[in-house]
Amino acid sequence: MASNSWFTLFLLVFVLSVFAVDKNNFKTCEQSSFCRRLRGITEGESKYMLDLETLQVGEDTIEAKLINVEADIPFKFSLTAISGNIFRLQVDEVSPLYPRYRPQNALKGEPQVTKLEVLDRNKESITVRSGNNKVAVYSKPFKLEFFEKEQLVSVVNGRGLFKFEHYRSKPKENDEEGEAQQTDEDPGAWEENFKSHHDSKPRGPSAVGVDVAFPGAIRIYGLPEHADSLALRTTGSGGLEPYRLYNLDVFEYEMDSTMALYGAVPVVYAHSPKGTVGVFWHNSAETWVDIKNSKDGNVMSSIVNLVSGTKTDNSVEAHFMSESGVIDMFVLMGPKPKDAIRQYASLTGVAPLPQFYTLGYHQCRWNYNDEDDVTNVVENFDAHDLPVDVMWLDIEYTDGKKYFTWDPIKFAHPDVMINNLTATGRKLVIIIDPHIKREAGYFLHEDALANDYYVKNKDGSVYEGWCWPGSSSYLDFYDPKTVDYYKGLYALDKFKGTTHDVYIWNDMNEPSVFNGPEVTMPKDCVHFGGLEHREVHNEFALKQVIPTYEGLIQRSNHRRPFILSRGHFSGSQRYVTIWTGDNAAEWSHLAASFPMCLSEAIGGISFCGADIGGFFNNPDTELLQRWYQAGIWLPFYRAHAHIDTRRREPYLFNEDVRNRIRTALRLRYAHLPLWYTLFWEHEITGDPVIRPLFYQYPDDANVVDIDKELLVGSSILALVISEPGISTTNVYLPGGFSEYWYDIEDFKLYPGTGVYNLPASLDKNIAFYRGGSIIPRKDRPRRAASLMHNDPFSLYVALDSKKSASGTLYLDDYQSFEYKNNKKYLYIHFDFKENTLTSKLIDKTDYPTKEWIERVVILGPPSGIKGAKLTSKSLGTVELETSYDGEERTLTVRKPGVSVREPFSIKLY
Ligand SMILES: *[C@@H]1O[C@H](CO)[C@@H](O)[C@H](O)[C@H]1NC(C)=O
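Residues numbered from 1 in each chain as written. Predicted model: local features only at pLDDT ≥ 70, side-chain atom pairs only at ≥ 80, totals over all residues. Heavy atoms only, no water.

If you walk through the whole model with that rule in mind, you get two disulfides. For cysteine 29, the disulfide goes to cysteine 35, at an S-S distance of 2.1 Å. For the disulfide bridge between cysteine 29 and cysteine 35, the dihedral angle about the S-S bond is near -100°, and by the sign convention the bridge is left-handed. Like cysteine 29, the residue cysteine 35 is buried in the burial classification. Covalently, cysteine 597 is tied to cysteine 608 through a disulfide, its sulfur atoms 2.1 Å apart. Around the S-S axis, the bridge from cysteine 597 to cysteine 608 shows a dihedral of about -70° and counts as left-handed. A residue pair is termed long-range when its members are at least 10 positions apart, and cysteine 597 in helix α11 (residues 587-602) and cysteine 608 in strand β34 (residues 608-609) qualify at eleven residues. For the residue pair cysteine 597 and cysteine 608, the accessibility class agrees, reading buried in each case. (Disulfide = S-S within 2.5 Å. Buried < 20%, exposed > 50% of the residue type's maximum accessible area, 1.4 Å probe, protein only. Helix = DSSP H or I, 4+ residues; strand = E, 2+ residues; numbered from the N terminus.)

Quick look at the structure:
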């Protein structure tokens, strides 16, 4: 969806094709009082001191009084050992004037604590140990050092930037003589203006911040959502703003920017071949993070130091600055990327297994005009043999932007339209935004007024802002009664016209307010329980999607919900899919789709995609085709377009274009069993579904800045081509000589020795299977994923340099919770060695599937094979046909015919 409608209008009328964010609409750090205050702290000895005389040592936690030496204000400090190599550092006020806020839903539950042991204790410091990790806590200056084994990996408050602004009463402006008091406070500390907006700050300054250094690290990643490279850049120098985390609807956002976007995931990972450490900054208020990344400094010296083992300077750092809340940070001790990311997932949770169809292709547009339009689009996809699973309706399906209603003329028979759609195996997703039209007679608005469901102004009146419907108010998802009511709205008998096959898109939930400060809700608005919007802002979208998720479960407990959300926060992965919002039809935006989704994936949110073709403006056919080709390697695969763009459904183009897009779509669909298996494995392990190269090859310093490539699980390496008019492209294949990579189209073998320059015509889909993996596919072309449930599998066995491979396959009924409730699933391990492929069940479960093995394709096969023998319990031993193809690049074993349900072996001879 787009953003500021006044701006849309303005741009349409005056600057038609100029694409650029209006930066003036958004604050810089310098324009934000708290960012100025915290960034202005002089480096040096910390003004805070830990009073170790008050130290209390518990089973899993140490606690002590922390004192602001300048103001003599006591804080409570605690350090807790959390299961799985995590430490939690918390600082809060002892007796705050107002309660300090902690996010309610980022954590999946209370983290599980584990034993902590005191190693050493004296007047100046205390050293504790948990597992392989050690923390030294220093009293004066206050500082913490984290050690993995004996290696110093992180220093908290090493630069002395720790700050905790306690709540206090506002100093009187005038003394009795009416003379202004001298104060050295920041002029925006107690109230602040931005453009025409006034923030009244009734509770005054309340910021928290601290610096964290990562000795020895060479890169730092994380902090989605930004339209920037995967490796974070050094801020400050060269005028680069700190990375800002403040969920905003940024109209026509631009590339290579640290500006805030729709989502906020405050986690970083500092990485080097020696190890990886993460920090999760658990805070939902506006946050800025200054970064120092050695990639922008003297990289060679850190690499040389790495090799020579000499101490490096602390060249990778993060300085977290939040407007309010408490200091609650989790140090994820790694030691490898995989460990640190699992540690983060153990705190904030994982995405539950989605339905199979959600991994297919989604066709969206603002807007499909009416019921016939929806029907025609699907018919055209069918007529041109282009698979599609989901049709989407943007805001225009509603009756005057009143959510939970249908336009009475254009969508007069939603039930018939939906039945027409679902009869061919398709689903529908419709938009439901959190702003509510203030219109007399609109049931939702009347209910909200009557029952007090809305967010309030600071004076207690209902807050009104502008959004799509014009004057709107905003449901307060912090109020339990609003949440209950909202869940009920999704019920089939309440939301008339919908069926079980209709799923939900929660957009504009940053929240977007066209006439609000920075296009969002004023910070002094008030939520249930007296919470200021300031405290909860980045969590608001998550608060909306929880009742949506629960509403869909309540509606139908035998279908897994599917919800797309634009705003997001740590923990959103437990409920929603996200996408990179309103991008543009530009090559740079196609390029950014990889690092943006990779950043989300290591931030726990794997189910991510970017609007194919670009939301704003019209892509030329070259860009559109490259986008369809690259997009198949991101978990969420949806085309979307602005209302002012030309229609661009793939069947509208000439045969060459159509054919290439069909090939890409079919590649996507062929790999759905792999995607589905990876989502299952994500749910049980927390491992991201798509991975940056440094995740899989942490020892390879060459991969740390690669943004154009990603890994799908551990078995596919994909490349985004993001330049026009090229005929060759460079691709880096990692892993060294013994790592084999096979082109997924012609199966040519490339050892992982670095950079290859490869042909890259528009006809070429560039991706590689990693030797050593077995990729489950379904190769029969279908119109939709839902029609593939019973199709047989083809196993692509990509042999490594030792002529072996292994892989997994997960399957179930592809839609219900039976896999969870009654263990109705199959999780299968395939292994190939000594010329024999074997399968066995990983879990002792069953699912009565009809799926069977249709083919086995061996890449890099042994030579001289004459035949194959299959052995299984029900089939006994059967002779199978084999043939070499493509100059012996592959060996195909035809029609094993065995059910995937029973263990089997196939021996080549
Ligand atoms: C449903 O499909 C029928 C048969 O193709 C068609 O005549 C009708 O217009 C469709 N109705 C809607 C509401 O899409």
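Right, let's talk about the site of the ligand for a bit. As a structural note, the neighbourhood of the ligand is formed by Glu371, Thr375, Val416, Met417 and Asn420. Within the side chain of threonine 375, an N or O atom sits 3.2 Å from an oxygen atom of the ligand. Calculation on the ligand without its partners gives an accessible area of 360 Å², and the protein chains cover 52% of this total. Mapped onto the shell around the ligand, the elements with two or more residues apiece are α5 (371-383) and α6 (414-423). For the shell around the ligand, the per-class residue count stands at two nonpolar, two polar and one charged. (Near = heavy atom within 4 Å. Polar contact = N/O pair within 3.5 Å; in protein donor to acceptor, adjacent residues only side chain to side chain. Areas by Shrake-Rupley, 256 points an atom, 1.4 Å probe, with all protein chains shown as cover. Nonpolar A, V, L, I, M, F, W, Y, C, P; charged D, E, K, R; others polar.)

What follows deals with the sheet that holds strand β27 (residues 470-474). Taken in spatial order, the three strands of this open sheet run β25-β27-β26, and their pairing is antiparallel. The open sheet has two edge strands, β25 (435-437) and β26 (465-467), and neither has a second partner. Averaged over all neighbouring strand pairs, the angle between strand axes comes to 60°, with direction disregarded. For β26 and β27, the ladder comprises three bridges, and the chain directions are antiparallel. Counterpart to tryptophan 466 in the pairing with β27 is serine 471. (Pairing = 2+ DSSP bridges. Axes fitted to C-alpha atoms, helices over the stretch in contact; angles between N-to-C directions.)

Turning our attention to the confidence of the model for the protein. Across the protein, pLDDT averages 94, with 95% of residues at or above 70. Predicted confidence is poor over residues 6-17, with pLDDT under 50, and the contacts of this stretch with residues over four places away or in other chains come to 15 contacts. Within the model, the stretch residues 298-312 combines pLDDT values under 50 with 15 contacts to residues more than four positions away or in other chains. (pLDDT = per-residue confidence, 0-100. Contact = heavy atoms within 4.5 Å.)

Before going further, it helps to spend a moment on the packing of α5 against α6. Two elements in contact, α5 and α6, have axes whose closest approach is 10 Å; the angle formed by their N-to-C orientations is 5°. As far as their axial angle goes, α6 and α5 are roughly parallel. Here Glu371, Val374, Thr375 and Val378 of α5 come into contact with α6, specifically with Pro414, Met417, Asn420 and Leu421. Looking at side-chain class alone, the contact of α5 with α6 contains five nonpolar, two polar and one charged residues. (Parallel < 35°, antiparallel > 145°, perpendicular 65-115°, else oblique.)

A word on the side chain of glutamate 649. On the secondary structure map, glutamate 649 appears in the loop between β35 (637-639) and α13 (655-670). Take glutamate 649: its relative accessible area is 2%, and that puts it in the buried class. Of note is the side chain of glutamate 649, whose polar atom sits 2.5 Å from the side chain of tyrosine 368. Within the structure, glutamate 649 has its side chain in polar contact with the side chain of arginine 647 (distance 3.2 Å). Those residues within four positions of glutamate 649 in sequence are excluded, and the remaining contacts are Gln363, Arg365, Tyr368, Val377 and Phe381.

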